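Notes for the structure review
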Amino acid sequence: MAGPFVESDRPRARALRVNEERFQLVSRATNDGIWDWDLVTGAVWWNENLQTNFGYAPDEIKPGVEGWKSNIHPEDLERVSQSITRAIEGGQNIWVDEYRFLRHQGSYADVLDRGYIIRDAASRPLRMVGAMTDISAQKRAELQYRALFENVSDGLFVLGIGKDGMPGTFQQVNNVACARLGYTREELLQLSPRDIDVPEWSAKQEENMARLATGEPVLFETEQIAKDGHRIPVELSARIFLLDGQRTVLGIARDITLRKKAEAALRTSEEQFRQLADNVHAILFVAIPQPMQIVYLSPAFDELFGKSRQESYDQPQAWIESIHSEDREYADSFFARSMQGLQAEMVCRVVRPDGSVRWIEGRSFPVADAKAGSSGRSELWKTPPCAGKPTKN
């Protein structure tokens, strides 16, 4: 039996009507799939974005909550069903979950679903209103980012910046960083750069953070300390970028252990060469063509030519002035061929400052610079050594 309409109910009815109108306007204004689930009757209403986003006309999805559940990916269904039941029965007001939802054409969309549970004065659930957002594009981007993040050969570190402007704890690290330093991901995410950097770098941290704050990327060589205490030489590059609106540091650490060993071996080799060259009677020289420069000339030059090597360092072709005038063209050709990266030989006379004459025979051969190995550019060839020895006064 219907009772008389009480005048005091008018404002409440008017407010209810306004709220319903607002709900309808919001459901049209958003790109999300809006749903309204009557928890008493089981009826579910969807807005038109169910068709726009997922391809279903309103009458193509099964009525009630079972129509929603039947489109959840089988691998996600139990988890999602349990999470929404816990929210409803556990007295919560908000429910949020991510899962895969079947599109009309057969593929699955990744969705973020959020619901608000409306309860009566006794906290009994009456109604649940929610919004389903298609986050498939975001998920693809995340997968691409994660694939890149985990498959580079360098250690990657993402970290926030504290209120003092100094680095905070690591927010993300990749597998390479964990394996190289000997930490699990969980362990490494509890640490900050100060825990893995050598003391020399920590002392310069404020200076480098100030450079990063200007937007300038930082690149330098340092060492990181592994969990077992051993040091790993790295080339570290860092820059600041915005992540979720927060200033964040991306650090890329490249292991340069092999490079350092090669550099040490090269220094040893160069020292051995210098000791040999400094103690033989023949003249040994190393020259590069572009720009033309003599980078090494052994001490035997001073004795055989009777003048200081410094002049040839300053003027690479000055030594030719000491060649006998009848042999100078020949010597010029020898030097030119050498600078072109060609093997060359010569026999010529050197006129010393005291007027005495020495006969020398010279040989040169090219050695490709490491950078020229792939480019083959002749100007990158070095030309050691030329051996000159006195043959006749």
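These remarks concern the structure in this document. (Residues numbered from 1 in each chain as written. Predicted model: local features only at pLDDT ≥ 70, side-chain atom pairs only at ≥ 80, totals over all residues. Heavy atoms only, no water.)

**A look at the pairing of strand β11 (residues 285-289)**
Rule in force here: Residue exposure (1.4 Å probe, protein chains only): buried if accessible area is under 20% of the type maximum, exposed if over 50%, otherwise partly exposed. Helical segments are the DSSP runs of H or I of at least four residues, strand segments are the runs of E of at least two, and each set is numbered from the N terminus. Each pair of strands is called paired provided DSSP finds at least two bridges between the two strands.
Summarising burial for β11: five of the five residues are buried, a large majority. In this sheet, strand β12 (residues 292-297) lies alongside β11 in antiparallel orientation, the contact comprising five bridges. Bridge pairing in β12 links I288 to Q293. The hairpin formed by β11 and β12 contains two residues between the paired strands.

**Comments concerning the sheet that holds strand β7 (residues 167-173)**
Hydrogen bonding along the main chain pairs the strands of a sheet, whether they run parallel or antiparallel. Filter applied, for reference: With axes taken as lines fitted to C-alpha atoms, and helix axes fitted only over the stretch in contact, angles between N-to-C directions fall between 0 and 180 degrees. Throughout, a contact is declared for two residues whenever any of their heavy atoms are within 4.5 Å.
Taken together, five strands build an open sheet; the order of strands is β7-β6-β10-β9-β8 and the sheet is antiparallel. Both edges of this open sheet fall to β7 and β8 (218-225), since each of them pairs with a single strand only. The sheet shows a mean angle of 35° between the axes of neighbouring strands, taken without regard to direction. Bridge analysis of β8 against strand β9 (residues 231-243) gives eight bridges, and the strand direction is antiparallel. Pairing of V218 across the sheet is with A238, part of β9. Helix α11 (residues 257-277) contacts β8, β9 and β10 (246-255) of the sheet and is inclined by roughly 135° relative to β9.

**A short note on the nonpolar core**
Taken as a class, soluble globular proteins show a tendency for nonpolar side chains to be buried jointly. Going by this rule: As used in this record, nonpolar core signifies buried Ala, Val, Leu, Ile, Met, Phe, Trp, Tyr and Cys residues forming a set joined through side-chain atoms within 4.5 Å.
With 25 residues, the main nonpolar core has F157, F170, V173, L181, L188 and I196 as its most contacted residues. Residue assignment for this core shows that the elements contributing at least two residues are β6 (155-161), β7, α6 (175-181), α10 (205-213), β8, β9 and β10. Top contributing element to this core by residue count: β9, with four residues.

**Comments concerning unusual backbone geometry**
Backbone geometry at S123 places phi at a positive 70°, although glycine is not the residue there. Here S123 lies in the loop between β4 (108-119) and β5 (125-134). A relative accessible area of 47% means that S123 is categorised as partly exposed.

**Details of helix α14 (residues 328-339)**
Under the convention used in this document: Helix span, as expected, comes to 1.5 Å for every residue beyond the first. The directions considered for the arc are those from the helix axis to the C-beta atoms.
If you check α14, its first and last C-alpha atoms are 16 Å apart, about what twelve residues at 1.5 Å a residue would give, namely 16 Å. Every buried residue belonging to α14 is among A331, F334, F335, S338 and M339, and all of these are buried. What you see down the axis of α14 is that its buried residues fit within an arc of 130°, all on one side. On its buried side, α14 packs onto β11, β12, β13 (344-351) and β14 (357-364). Just downstream of α14, G341 is the residue with a positive phi angle, here 80°.

**Some details on the side chain of S192**
Residue position: S192 is located in the loop between α7 (185-188) and α8 (193-196). In this structure S192 comes out as buried when scored by relative accessible area, which is 14%. S192 has contacts with G168, T169 and F170, leaving out every residue within four places of it along the chain.

**Quick word on the side chain of R349**
Note the following rule: Between N or O atoms, a polar contact is any pair within 3.5 Å; within protein, one atom must be a potential hydrogen donor and the other a potential acceptor, and residues adjacent in sequence are included only when both atoms are from side chains.
Mapped onto the elements, R349 comes out in strand β13. Its relative accessible area of 16% is what places R349 among the buried residues. Side-chain polar atoms of R349 contact the side chain of E326, separated by 3.0 Å. Leave out the neighbours within four places in its chain, and R349 touches S322, I323, H324, E326, D327, V357, R358 and W359.

**Considering helix α5 (residues 136-151)**
Along its 16 residues, α5 runs 22 Å from first to last C-alpha, staying within 8% of the 22 Å computed at 1.5 Å per residue. Taken residue by residue, α5 has S136, F149 and E150 as its buried positions. Looking straight down α5, one finds its buried side chains confined to an arc of 145°; they lie on one side. Counted as exposed and oriented over 90 degrees from the buried face of α5: R140, Q144, L148 and N151. In this structure, the buried side of α5 is in contact with β4, β5, β6, β7, α6 and α7.

Any functional reading would require information that these geometric values do not contain.
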